[in-house]
Each structure stands twice: as C-alpha cells, then as structure tokens.
Amino acid sequence: MATFDDVKEVIVEKLGVDAEKVTPEARFVEDLGADSLETVELIMGLEDKFGVTISDEDAESIRTVQAAVSFIEGKQ
Amino acid sequence: MAITGLKRVVITGLGPVTPIGLGAAAYAEAQRAGKSGIAAITHFDTSSTASKIAGEVNESLDAYIDPREARKMDRYVQLALAAADLAVADSGLSAEELRGERTGTLLGSGIGGVKTFEDQSRVLVERGAGRISPMFIPMMIANMASGHVSMRFGVTGPSSTVVTACATGTGAIGDAARYIQLGLADVMIAGGSEAAITPIAIGGFSNMKALSTRNDDPQTASRPFAAGRDGFVLGEGAGVVILEEYEKAKARGATIYAEVVGYGTSADAHHITMPAPEGRGAQVAMRMALATAGVNPDQVGYINAHGTSTHFNDLHETQGIKAVFGDHAHKLAVSSTKSMTGHLLGAAGAIEAIAVAQALRDGILPPTINLAGDEDPALDLDYIPEGARETQVEYALSNSFAFGGQNAALLLRRV
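Being a predicted model, the structure only gives us computed values, none of them experimental.

Conventions adopted
- Residues numbered from 1 in each chain as written.
- Chains lettered and ligands numbered in written order.
- Predicted model: local features only at pLDDT ≥ 70, side-chain atom pairs only at ≥ 80, totals over all residues.
- Heavy atoms only, no water.
- Phe/Tyr/Trp six-rings, centres within 6.5 Å; stacked < 30°, edge-to-face > 60°.
- Helix = DSSP H or I, 4+ residues; strand = E, 2+ residues; numbered from the N terminus.
- Lys NZ or Arg CZ within 6 Å of the ring centre and 35° of its normal.
- Expected span 1.5 Å × (residues − 1).
- Buried < 20%, exposed > 50% of the residue type's maximum accessible area, 1.4 Å probe, protein only.
- Contact = heavy atoms within 4.5 Å.
- Axes fitted to C-alpha atoms, helices over the stretch in contact; angles between N-to-C directions.
- Parallel < 35°, antiparallel > 145°, perpendicular 65-115°, else oblique.
- Nonpolar A, V, L, I, M, F, W, Y, C, P; charged D, E, K, R; others polar.

Enquirer: Explain the packing of aromatic side chains to me, please; I cannot follow it from the model alone.
Expert: Geometry of an aromatic ring pair is reported as the spacing of the ring centres plus the angle between the planes. All names here are of chain B. Counted according to the given criterion, the structure contains 4 aromatic pairs over all chains. Judged by centre distance (5.5 Å) and plane angle (75°), the ring pair of Phe205 and Phe232 falls under edge-to-face. In this pair, Phe205 sits in helix α9 (residues 199-207) while Phe232 sits in the loop between α9 and β8 (237-245), placing the two residues 27 residues apart along the sequence. Site record: aromatic cluster; members linked through ring pairs are Phe205, Phe232 and Phe403. One residue, Arg8, lies across the ring of Tyr246, its end atom 4.1 Å from the ring centre. Its end group placed over the ring of Tyr257, Arg361 keeps NZ or CZ at 5.8 Å from the ring centre.

In structure tokens, the structure reads:
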C-alpha cells in the first residue's frame, strides 16, 4: 500500500484530480482526464518520486494506476 | 487621415487587476485616494537584487481560476484570466452573447511567462534537458493569455497577440478596436498582462539602471516627473477591456465607459532603450491618434502619460507633448498613474486605458502622486500633483512607449 499511496500523491499533484478518484483500476486518460502533456508530466513525476527510469515503451503500457504501482514495485 | 465608413467602437467592460485594486470600483477608488501599491517584494528573496520593491498583486486569484488549473498556467496568464473574468462580468454580456466567431481575443504581454522560463532554466542546468516540463512551452509562450481566454469563453473570432514591451496594452486595445471598426467582430476581449516580479527580470532591469532603488521608502519610489525620480518601479497585473461595436452596445443598453476614437503607433528608429530626443517617435504616435479621430490637439483635455519615473522618459515625453500640443500643452492636464501602480510593462497601457475610460465617465482625473513639493524645473506641465481632480474632459489620450522604440497612443472620447 505504501507504493500505492505515493503513486496516488504524484497523480493528484500532476493531474489535479481528487484523491478519491485515484483507485487502482482508474485509467489515466479515460477516467482521470489526463491529456498527452499531463501523461508525460505524470511519468516524469513518478521517475522523480521513485528514482526510477521509465522508457517511452514502458510508459506506453502504463495506462492505469495499478499498472504504475506494479511497474514501480517491479523496479524496486 | 481620418478614415470614414468604419464602425464605432466603445468600451463596455473594465477588468483591472492591479497593485492598487482588483475590479473597476476598487481601482477607481484607489486612484481617487492617491493610493500607492508599491511595497517590499514578497514573491522572492531580494538579497541579491539592487531593487527590492515592486507593485505586487497579493489578492488570491482562486475565485477566478481553479487552483488545479492554475498550476498549468504561468502567473501572467492567471492574471489575464482574472482580468478577463472581471471585464466580462462588468460588461453584462452573457456567456451566450459572447460565444462564437463574432467575439475575438487580443491579449498581449511584454515578456510572457518569464517565471516559468526562469524555473525551467534552473531544471535545465541542474538536471538536464530531459527533465524539462512538458508544460514549459505552453506555459511560457506570450500568446497564451489570448489562448486561455478564448477557451474559457468559447470565443472563436479574430485572435492575435501584441508583444511590444511596455506599449503592449495600448497596442492590443488599439489593434483590437480595428477588428470591430472593420466589421470583422462585434466584441473584442482585449488588453495586456505581466508577471515579471522574478529575480531574473528584476535583476535584468536593475542592471540596466532602469529601476528605482528607493527601497527604504517604497510608496514614494514611483515619482514620475519629480526631480528626485530615480527609475521605474516594476508592477504586475493585467488589464482587460470589453470593446464592442457601438450600435450593438447601445441596443442592449450596455454601460458605455468611453469610445475608442483614435489610435497611433510608431517607431523611434533611434536606440534599443533610450527614447528619441524630444519624444520624436512618441510625437508621431500621438499625432496619428489625433488624426485618425479627426480631433484637433486643443480638444484634448487629459493625457495619461507613459510617465515611468525615469529621467529620460519623463523629460522626452514632456517635450513630445509640448511639440504636439503647442500652447495647449499647458492647458490640458497630464498625469502618470504609474505613480500609484508602478510600471506593469505589457499590462501598463491596458490598466491606463481603463483609468482613462473611468476618468472620462466619472469626470475625475487621476493624480500623479509623489510629485508635490519635488517638482523638476525642467518639467512644467500640469501633472495633477495635488490629488484627483474633478474635471470633465471630452477627449483623453493614453501614451505608451516601449524598449525597441515602439510607441502607441490611444485616444478615447466621452460618450
């Protein structure tokens, strides 16, 4: 849960969404309203927060909150 | 030079966001009271800058922009949106009346998103180009006030941006009026905004020796036409006006503040920052504003001067006014509201056009504060040093002059 909470914090900040909307199933574009620029900001925010590198290909596949959490936990 | 067959353009909404007040009523009241908006800078640590004072807008903008949306906008855009909201509300135009291609946007900025530029330059140096925010470009570029305002109100008519440094606000309103005069729009949302109270901008202006360093007495630091003037004081804010085709404004019973009757622009072709001797370029702009309106110099009762509080501007502007107006220069009144607001760069001409519109409608001319008792013998016009003056004038001119030698003058008429 620790990773989820940290990911959620980045999402709330970068996408400007209400925290309760950030559920594991939530999709960044369809559910949280991220546009293409915000998606890039979000990925960069996650890289900064967790000290990881997310390639463009990996970023393409990270479409939900849970996908982000799983990716980061896999890197740690 | 008076051009015939044009539609008439009137100002029907005022949106000032200034260091002396937000909204038309607060702004007018502050001018009447001769209030100074200058204080010690709070936006950043001034320990390394020579000038440590400015005219900040410290009211919350949350009522105008969702804080989460604001995060994606440079402050100059936030200020412009607040001013546009105020102007639209003041005009009484409904969202339905505004929406569509008969309304246009023409907002300018002298610099654009300089704070964003500064922040991201730090990222570049410290962390490399790979960490530059994807929001950097859309936050920084100087046309984004027009962009955001068009999106907020769903207005799809003529849209452009003026970037003529300190002449921006005047140029934006003058250019916007042309679209209505030519019949290309019924309404234009026009003005300027600036948010340059940042270390890099204050540092740059300071090192040009352009800024006052009267840091120990901020409220008297902006002293246009005074013997003890030592430079301008930077201000931030935005001014937006609603320009409207006269017959349509009249038909809907709009409050009409003033008519835009003349507009002139010119270049000094002289120096990057120094005004031309005797305000030669400024004279061209003032004469053009009069000529396009078919108005004689002796019909003008008030000039809102560029009046920056720098040695050369105030001297050459005074000389230029004397050259254009002859003997009448000593009969009309001149004041610099920058004495109260500081110099808002790209927003200056816009908030000053608002001040002129208010002066024409209310019959009260705003003063030049900090001048009484410190007159410069070389500057001998009537600068309204004693405080706001009850005088009804029919025509009033607003001057703005820019680095690069660009000049703009707007002539308004009481309606």
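Further notes follow.
Enquirer: Can you walk me through helix α5 (residues 114-127) of chain B in this structure?
Expert: An α-helical turn contains 3.6 residues, so a residue and the one three or four places further along point in the same direction. All names here are of chain B. With 14 residues, α5 ought to run about 20 Å at 1.5 Å a step, and its terminal C-alpha atoms sit 20 Å apart, in line with that. Among all positions in α5, only Val114, Thr116, Glu118, Gln120 and Val123 are buried. On its buried face, α5 sits against α6 (136-140) and α9.

Enquirer: Which parts of the structure should I look at to understand the packing of helix α8 (residues 168-181) of chain B against helix α14 (residues 348-362) of chain B?
Expert: A pair of packed helices is characterised by two quantities: the angle between their axes and the separation of those axes. All names here are of chain B. Here α8 crosses α14 at 65°, and the two axes come no closer than 5 Å. Judged by the inter-axis angle, α8 sits roughly perpendicular to α14. Residue-level contacts link Gly169, Thr170 and Ile173 of α8 to Gly349, Ala350 and Ala353 of α14. Here the contact of α8 with α14 is built from residues that sort into 3 nonpolar, 3 polar and no charged.

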